[in-house]
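# Notes for the structure review
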Number of protein chains: 2
Amino acid sequence: MTTLPGIADIHAAAARLSGLIVETPLLESAELNKRFGGRILFKPETLQRTGSFKFRGAYNKLSSLSAEERGRGVVAFSSGNHAQGVAASAAMFGVEAVIAMPADAPAMKIGNVRRMGAQVVPFDRFRDDRMTVVRPYLDKGMALVPPFDDPAIIAGQGTIGLELMSQAKALGVSLDAVAIPCGGGGLSSGISIAVKDASPGTAVWAVEPEHFDDTRRSLAAGARVSNDPGYNSICDAILTAEPGIITFEINRRNLAGAIAVSEDAVRQAMRDAMAQLKLVVEPGGCVALAALSSGQIDLAGKCVAVVLSGGNVDFATYAGIMAA
Amino acid sequence: MTTLPGIADIHAAAARLSGLIVETPLLESAELNKRFGGRILFKPETLQRTGSFKFRGAYNKLSSLSAEERGRGVVAFSSGNHAQGVAASAAMFGVEAVIAMPADAPAMKIGNVRRMGAQVVPFDRFRDDRMTVVRPYLDKGMALVPPFDDPAIIAGQGTIGLELMSQAKALGVSLDAVAIPCGGGGLSSGISIAVKDASPGTAVWAVEPEHFDDTRRSLAAGARVSNDPGYNSICDAILTAEPGIITFEINRRNLAGAIAVSEDAVRQAMRDAMAQLKLVVEPGGCVALAALSSGQIDLAGKCVAVVLSGGNVDFATYAGIMAA
């Protein structure tokens, strides 16, 4: 198998991304600290270029291609956040991008990808095979930018971990735990490498939506298992069939565990993010905050970082959750 | 009259606030830059402790009292953001706080003030005289923390200007203009001192809601004039009767002008902040973004900073505006 990415790859990614990404701040809320009985530090990648962390990995991947490979254009499939990351990166390199997106992806995400100049190819996420959809473009010589199971993608997302550890150090705190939204595992595995490198004792948790807890069940089984078909979730950004090969190999070494959260907990977390942090967080981006109420992460007197991974949510969906 | 606060007072305030406030980041959106044809840098004081800039001035004012004065407790009147700033500051100093708040202030603001341990005294903002409401507490020896017309308050709010100029410099840009929400003028006057000190050529604009454009009309008249009674506005945070004496004296020297924006423009700006910046901004906190569409600030090819001053808005109000 591919060599696993390591801390040196994350440092290299950070150097490539320097000046192009937002170093997202660490934020906290006195009210949430009081409620949870610990100190909760939020890393809002909602404020990142394209409204999610995905730009980090996508740009790092495009940087890692040769100019000749990149010049033939790039292709990706994504429900929308990776799509925007790839579209923005391709626009910055001045190369063509084709993105296969589920026809029921949030309209805001589809619109943003088009506005960044990429071609959108819609597909049915319950029936179509993603690789079949993108095959004609790969055959034309375009390079695939995978959503998570790729060393350059993982290293790019891992730069969040570098920032997090350095910002926590500047605050004079040591992190007892970090909670991270998890779909295919690119974000959690990347961050886990940087966190474990700086602080082996910090517990790293992946958080998934109910019925899409493939990483949680894979950790329990000791091998990659898939989600049962037939479920749906408001957490569109993190609905993957199963963990990646590389991401799971990293996660099974580094994670303290994975936690599944209900849709009601996600909605409440989105309302808490609005009221206490003044941040717009999309459902899939808010699962790690939702996990704080699960009782599975030790919070009392602890210092815990929570990654808010994206904020690309349609007005109507968001208004409905805020009004509830 | 009182000596006008100057840049030295703002530096002193910054030293007092260091480590207690969030150094709010500068954020930008590729989409908004494209739409306005310039580079727009947002200073989100929505992310400040208590959800608005008001903590800066309130804490600086409490710091400037003697321990003996402060120990007798503090009293303030406010629609909610200054209230929260004073309540949080009083809690940090361990002194009593009484806040007179309009009975129709957003429930979130009233709830937050109570949760921070302050006593809330409701009043009718259309009928009651604010000073009459707080008089019994002043008579008991409690110190008044004015909402804007006070050198220590102005200097505290001015620390935003220091951060803004230093962050712009770090980005390697020079600001052509700064747009700032304006009620009584504490925020705009304070920021104007720091901006003009660092960059005399930068135009500083105050932005007000329609029918509450007392600073705009006062600048035109060359003297403080009041708003006509009988109007209401969704911009609860910045509905003052007239400019302050000190704030107007500073603003008439430093401002390029003041701009009045419609409620429709404010609602659109709140939706832009949600979709493009992923920030929850309350109506009064969003007027400076709304002013970008007014045509009154030269944007083409320019670099313009916009202060988003607060994010304390009720769920129902916010959901209604997002759903529109």
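Residues numbered from 1 in each chain as written. Chains lettered and ligands numbered in written order. Predicted model: local features only at pLDDT ≥ 70, side-chain atom pairs only at ≥ 80, totals over all residues. Heavy atoms only, no water.

Okay, the environment of Gly161(B) next. Residue and element names in this part refer to chain B. Along the chain, Gly161 turns up in helix H8 (residues 151-170). For Gly161, a relative accessible area of 0% translates into the label buried. Each C-alpha atom of the pair Gly161 and Gly71 lies 31 Å from the other, and the pair is 90 residues apart in sequence. (Helix = DSSP H or I, 4+ residues; strand = E, 2+ residues; numbered from the N terminus. Buried < 20%, exposed > 50% of the residue type's maximum accessible area, 1.4 Å probe, protein only.)

Mapping chain A onto chain B leaves a residual RMSD of 0.0 Å; the transformation is a rotation of 180° accompanied by 0.0 Å of translation along its axis. Between the two chains, the operation in question is that of a two-fold axis. Relative to the rotation axis, the closest C-alpha in chain A is found at Ala319(A), a distance of 2.2 Å. In this assembly the copies share their binding face: 100% of the residues contributing to the interface of chain A also contribute to that of chain B. (Least-squares fit on C-alpha atoms with pLDDT ≥ 70 in both. Contact = heavy atoms within 4.5 Å.)

The partner chain B presents 26 residues to the 26 residues of chain A that form the contact. Where chain A touches chain B, the interface holds two salt bridges. With its nearest N and O atoms 3.5 Å apart, the salt bridge here joins Glu31(B) to Arg115(A). Inspection of the chain A/chain B interface yields ten residue pairs in polar contact (both at pLDDT 80 or more). (Salt bridge = Lys/Arg side-chain N within 4 Å of Asp/Glu carboxyl O. Polar contact = N/O pair within 3.5 Å; in protein donor to acceptor, adjacent residues only side chain to side chain.)

Residue and element names in this part refer to chain A. According to the stated counting rule, one finds five aromatic pairs over all chains in the structure shown. Judged by centre distance (5.5 Å) and plane angle (40°), the ring pair of Phe55 and Tyr59 falls under tilted. Of this pair, Phe55 and Tyr59 are both found in helix H3 (residues 54-64), four residues apart, which corresponds to roughly one turn of the helix. For the pair Phe55 and Tyr59, one class covers both residues: buried. (Phe/Tyr/Trp six-rings, centres within 6.5 Å; stacked < 30°, edge-to-face > 60°.)

A separate point is the side chain of Thr202(B). All names here are of chain B. By the secondary structure assignment, Thr202 is in the loop between helix H9 (186-198) and strand E7 (203-209). Looking at Thr202, the relative accessible area reads 0%, which means it is buried. A polar contact of 2.8 Å, which involves the side chain of Thr202, links it to the backbone oxygen of Leu175. Apart from the residues lying within four places of it in its own chain, the contact partners of Thr202 are Leu175, Asp176, Ala177, Val178, Val195 and Lys196.

Turning next to the confidence of the model for chain A. Across chain A, pLDDT averages 96, with 99% of residues at or above 70. As scored by the predictor, the complex reaches a pTM of 0.96 and an ipTM of 0.95. (pLDDT = per-residue confidence, 0-100.)

This brings us to the pattern of salt bridges. Residues and elements named next belong to chain A. Within the structure shown, the criterion is met by 39 salt bridges over all chains. Residue Arg216 is joined to Asp213 by a salt bridge in which the shortest nitrogen-to-oxygen separation is 2.8 Å. Judged by relative accessible area, Arg216 falls into the partly exposed class, the value being 34%. Residue classification places Asp213 among the buried positions, given a relative accessible area of 9%. A network of salt bridges, in which partner residues are shared, links Lys43, Glu45, Arg56 and Glu163.

All names here are of chain A. Here Asn254 shows up in helix H11 (residues 245-254). Judged by relative accessible area, which is 16%, Asn254 ranks as buried. Of note is the side chain of Asn254, whose polar atom sits 2.9 Å from the side chain of Ser192.

With that out of the way, let us pick up the sheet that holds strand E2 (residues 74-77) of chain A. Two strands in a sheet stick together by hydrogen bonds in their backbones, pointing the same way (parallel) or opposite ways (antiparallel). Residue and element names in this part refer to chain A. Reading across from one edge, E4-E3-E2-E5 is the order of the four strands in this open sheet, with parallel pairing throughout. Whereas interior strands pair on both sides, the edge strands pair on one side only; in this sheet they are strand E4 (119-123) and strand E5 (143-144). Relative to strand E3 (residues 97-102), E2 runs parallel, the two sharing four bridges. Directly across from Phe77, in E3, lies its bridge partner Ala100. Against the sheet, helix H7 (residues 130-139) makes contact with E2, E3, E4 and E5, and its axis sits at roughly 170° relative to E2, the strand it touches most. (Pairing = 2+ DSSP bridges. Axes fitted to C-alpha atoms, helices over the stretch in contact; angles between N-to-C directions.)

Right, let's get into the nonpolar core. Grouped together as the largest cluster of nonpolar side chains are 89 residues, with contacts concentrated most on Leu289(A), Tyr318(A), Leu289(B) and Tyr318(B). Those residues in contact with Tyr318(A) that sit more than four places away from it in its chain are Met270(A), Met274(A), Leu279(A), Val280(A), Val281(A), Val313(A), Met274(B), Val280(B), Tyr318(B) and Met322(B). (Core = buried A, V, L, I, M, F, W, Y, C linked by side-chain atoms within 4.5 Å.)

It is worth spelling out the domain arrangement of chain A at this point. All names here are of chain A. In terms of domain boundaries, chain A breaks down into domain 1 (7-52 + 151-323) and domain 2 (55-144). Summarising the inter-unit geometry, the C-alpha centres of domain 1 and domain 2 are found 23 Å apart. Listed as interface residues are 29 residues of domain 1 and, on the opposing side, 24 residues of domain 2. Of the roughly 2100 Å² buried between domain 1 and domain 2 on both sides combined, carbon and sulfur atoms contribute 55%. Counting across the interface, domain 1 meets domain 2 through four salt bridges. (Domains from an automatic or database assignment. Buried area = accessible area lost by both parts, 1.4 Å probe.)

This part takes up H7(A). Residues and elements named next belong to chain A. Every buried residue belonging to H7 is among Val133, Val134, Tyr137 and Leu138, and all of these are buried. Angular distribution of buried residues about the axis of H7 spans 135°; they occupy a single face of the element. Across from the buried face of H7, at angles greater than 90 degrees, the exposed residues are Thr132 and Asp139. Residues of H7 that are buried in the fold lie against E2, E3, E4 and E5. Gly141 lies just past H7 and shows a positive phi near 100°. (Arc of directions from axis to C-beta.)

To continue, consider the pairing of strand E6 (residues 177-181) of chain A. Residue and element names in this part refer to chain A. In terms of burial, E6 is a largely internal element, five of the five residues being buried. Side chains Ala177, Ala179 and Pro181 project from E6 onto one buried face, and the interleaved Val178 and Ile180 project onto a second face that is buried too. Two strands pair when backbone bridges link them, and E6 and strand E7 (residues 203-209) are joined in this way by five bridges, in the parallel orientation. Each residue of the ladder has a partner; that of Val178, found in E7, is Val204. What joins E6 to E7 is helix H9 (residues 186-198), and the crossover it makes is right-handed. Bridge analysis of E6 against strand E9 (residues 303-308) gives three bridges, and the strand direction is parallel. Across the sheet, the residue bridging to Ala179 is Val306, located in E9. (Right-handed = clockwise from strand over helix to strand, strands pointing away.)

Here we come to the sheet that holds E9(A). All names here are of chain A. If you walk across this open sheet you meet the five strands as E1-E9-E6-E7-E8, and the pairing is parallel. Every interior strand has two partners, whereas the edge strands, strand E1 (39-44) and strand E8 (255-261), have only one. Neighbour to neighbour, the strand axes of the sheet diverge by 20° on average, direction disregarded.

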